[in-house]
Amino acid sequence: MIGAPIGLAISIVITIIISLAMGDGKYYAVVPELTADLGSEIGAVVVQTLCSMLYGAAFAGASVIWDTDWNLTKMTVIHFLICSAATFPIAYLMRWMEHTANGVLKYFGIFLAIYIAIWISQYARLKKNISALNKKVNNLA
């Protein structure tokens, strides 16, 4: 359940960053295309809020994979597939990507780059923690 509010918080931060980047002093809660699809800005905000919470919950739920006894490759692939399966339908429906082949490929490329960067940083952190634990164990022996 912690993933839902985290997903919502990340979504709000992203809308603030986008609004600041636009530089016209307006707050862009949703993309205009979503407002047009749903017929009202408040409807678009409500749907985006629910989808952001679902998105966060899916990512948090997928994290249980890291508690399995599978090998790292299998865990990574399964986690990536689950996260991708949650990401792409929501991103497409919320119009966070262009509805073209190029838009989908661009979004996937960005998603993959972020996923890899996070995975590498987590791997490095865990490897450092394991080394520190091994050092402590060796010092006890």
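Everything that follows concerns the structure shown earlier in this document.
Residues numbered from 1 in each chain as written. Predicted model: local features only at pLDDT ≥ 70, side-chain atom pairs only at ≥ 80, totals over all residues. Heavy atoms only, no water.

Enquirer: Would you mind going over the overall build of the protein chain in detail, with residue names and values included?
Expert: Looking only at helices and strands, the protein chain features 5 helices and 0 strands. The N-to-C order of helical and strand elements in the protein chain reads α-α-α-α-α. For the protein chain, the C-alpha radius of gyration of 19 Å lies well beyond 14 Å, the compact-globule estimate for 141 residues. Projecting the C-alpha coordinates of the protein chain onto the three principal axes gives extents of approximately 70 × 30 × 30 Å. Counting over 141 residues, the protein chain shows a buried share of 24%. Once local pairs closer than 6 in sequence are excluded, the contacts in the protein chain between residues at least 24 apart make up 51%. Approximately 9,600 Å² of the protein chain is accessible, and the part contributed by carbon and sulfur atoms is 72%. Distance between charge centroids for the protein chain: 19 Å, based on 9 positive and 7 negative side chains. (Helix = DSSP H or I, 4+ residues; strand = E, 2+ residues; numbered from the N terminus. Rg over C-alpha atoms; globule rule 2.2 N^0.38 Å. Buried < 20%, exposed > 50% of the residue type's maximum accessible area, 1.4 Å probe, protein only. Contact = heavy atoms within 4.5 Å. Areas by Shrake-Rupley, 256 points an atom, 1.4 Å probe, with all protein chains shown as cover. Lys, Arg positive; Asp, Glu negative; His and termini not counted. Charge placed at Lys NZ, Arg CZ, Asp CG, Glu CD.)

Enquirer: How would you sum up the packing of aromatic side chains? Please name residues and give values.
Expert: One pass over the full model with this rule turns up 10 aromatic pairs. A centroid spacing of 6.2 Å and a plane angle of 35 degrees characterise the contact between Phe111 and Tyr115, whose relative ring orientation is tilted. In this pair, Phe111 and Tyr115 both sit in helix α5 (residues 101-140), 4 residues apart, roughly one turn of the helix. For the pair formed by Phe111 and Tyr115, the shared burial category is buried. Grouped by ring-pair contacts, the aromatic residues Phe80, Phe88, Tyr107, Phe108, Phe111 and Tyr115 constitute a single cluster. Against the face of Trp70 rests Lys74, its NZ or CZ located 4.5 Å from the ring centre. (Phe/Tyr/Trp six-rings, centres within 6.5 Å; stacked < 30°, edge-to-face > 60°. Lys NZ or Arg CZ within 6 Å of the ring centre and 35° of its normal.)

Enquirer: Can you break down helix α1 (residues 3-22) residue by residue, with the values?
Expert: Residues that lie three or four places apart on an α-helix share one face, since the helix turns once every 3.6 residues. In this model, α1 (20 residues) spans 28 Å end to end at C-alpha, consistent with the 28 Å of a helix rising 1.5 Å per residue. Within α1, the full set of buried residues consists of Gly3, Ala4, Gly7, Ser11, Thr15 and Ser19. Buried residues in α1, looked at end-on, bunch into an arc of 145 degrees, giving them a common side. Opposite its buried face, α1 presents the exposed residues Ile17, Leu20 and Ala21, each directed more than 90 degrees away. Those residues of α1 hidden inside the fold are in contact with α3 (41-62). Downstream of α1 by a residue or two, Gly23 has a phi angle that is positive, lying close to 70 degrees. (Expected span 1.5 Å × (residues − 1). Arc of directions from axis to C-beta.)

Enquirer: Pulling in residues and values, what's your account of the pattern of salt bridges?
Expert: Pairing of side chains with opposite charge becomes possible as their charged atoms draw close. Summed over all chains, the structure comprises 1 salt bridge. Taking the shortest distance from any N to any O, the salt bridge between Asp37 and Arg95 comes out at 2.6 Å. With a gap of 58 residues between them, Asp37 in helix α2 (residues 32-38) and Arg95 in the loop between α4 (72-93) and α5 connect regions that are remote in the sequence. Looking at Arg95, the relative accessible area reads 25%, which means it is partly exposed. (Salt bridge = Lys/Arg side-chain N within 4 Å of Asp/Glu carboxyl O.)

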